[in-house]
Amino acid sequence: MDEIDGMRIGVLRLGRMGGKAKYSLIDERDISIVQQYNVRARMDADENGIGAYIYVVLSKLGGDKNEETHLQDILWEHHRGGIAPGFYVVHKNRITVDNRLENLELVTMNEKRARHLSMLEEKSESASGQSHAKMNRENSLYWCMISQLLANPAEAAHYYGPSTRWLNPTSNPPQIPEPYILYYECHFPPCTRMERFIREFSICGNCQRVRYCGPVCQERDWHHHKRFCSNSREGEQKYYSRESSPER
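Here's what I pulled together on the structure shown here.

Criteria and cut-off values
Residues numbered from 1 in each chain as written. Predicted model: local features only at pLDDT ≥ 70, side-chain atom pairs only at ≥ 80, totals over all residues. Heavy atoms only, no water. Helix = DSSP H or I, 4+ residues; strand = E, 2+ residues; numbered from the N terminus. Contact = heavy atoms within 4.5 Å. Areas by Shrake-Rupley, 256 points an atom, 1.4 Å probe, with all protein chains shown as cover. Buried < 20%, exposed > 50% of the residue type's maximum accessible area, 1.4 Å probe, protein only. Arc of directions from axis to C-beta. Salt bridge = Lys/Arg side-chain N within 4 Å of Asp/Glu carboxyl O. Core = buried A, V, L, I, M, F, W, Y, C linked by side-chain atoms within 4.5 Å.

1. Examining the overall build of the protein chain
- Along the protein chain, the regular secondary structure elements total eight helices and 10 strands.
- Sequence-distant contacts, at least 24 apart, represent 53% of the contacts inside the protein chain between residues at least 6 apart.
- Of the roughly 13800 Å² that the protein chain leaves accessible, carbon and sulfur atoms contribute 49%.

Here it is in structure tokens:
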């Protein structure tokens, strides 16, 4: 539980998704609701085939874990009532893991599509270095909260530490099905930019593991990442190289 400007905000630790540890913001009053469910992050591919989004999904404790519901839908129904057919709960600030009630709103399918196009434009602006989308992200409560959270050395060790690699009985990494597509989110903790197509983001030249939406986030993350990055003693010059990403 954290407090900013008198607001008490819950931060959910969701495990790893999109190539990094994920968190979600909720209101303090909604913690008891979430505790009644299994909670995890899930990546949903864009319906138009342009990238993906990471959402928080819940399943009933002791129930079928495959029957999942988006957290934003559960919170909306609890506080505001049912969701009529043809309407959808979306996130006002475009950060799909910021599930505070004030960040949620109900829209029609046409409004949802318009918001989707706007999000793609913001991603393009951010990728090209334009300041509008960048300022929106960096001024968000989510950005501030996650930056504050990672200032804790213990949480930073959890975030930046090595991720678990599951092996099959032959001690080889499991094969990913051919149709499966992996999208990555920028590894800088507060940034929620996600790839629109595979291999869009640059990859760390040292460890060949983490990916960034651009050089600004990569440089900001180096202060923490260098402690866990393999081959970091070879110097920062290689880390900041802008060579093309290798095959994944």
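The discussion continues.
2. Considering helix H7 (residues 215–225)
- Regarding H7, the residues found buried are Cys-217, Gln-218, Asp-221, Trp-222 and His-225. Along H7, the residues classed as buried sweep out an arc of 150° about the axis, all on the same side.

3. Regarding the pattern of salt bridges
- This model, assessed by the stated rule, comprises 11 salt bridges.
- Close ionic contact of Glu-68 with Arg-42 constitutes a salt bridge, the shortest N to O distance being 3.1 Å. Here Arg-42 lies in strand S4 (residues 37–45) and Glu-68 lies in the loop between strand S5 (52–60) and strand S6 (69–70), a separation of 26 residues in the sequence.
- By relative accessible area, which is 22% here, Arg-42 ends up partly exposed.
- In this structure, the salt-bridge partner of Glu-102 is Arg-100, at a minimum N-O distance of 2.9 Å.
- The class of Glu-102 is exposed, set by a relative accessible area of 55%.

4. Re the side chain of Lys-20
- When you line up the elements, Lys-20 lands in strand S3 (residues 20–27).
- By relative accessible area, which is 0% here, Lys-20 ends up buried.
- Ignoring anything within four residues of it in the chain, the contact list for Lys-20 reads Gly-15, Tyr-159, Glu-185, Cys-186, His-187, Phe-188, Pro-189 and Cys-191.

5. Here we look at the nonpolar core
- Among the nonpolar cores identified, the biggest contains 35 residues, and Tyr-23, Leu-71, Tyr-142 and Leu-150 are the most heavily contacted of them.
- For this core, the secondary-structure elements that each account for two or more residues are strand S2 (7–17), S3, helix H1 (31–34), S5, helix H2 (71–80), helix H5 (141–149) and helix H6 (153–160).
- In terms of residue count, the dominant contributor to this core is H5 (five residues).
- The next biggest cluster of nonpolar side chains, apart from the first, holds 13 residues, and it includes Cys-186, Phe-188, Cys-191 and Cys-229.

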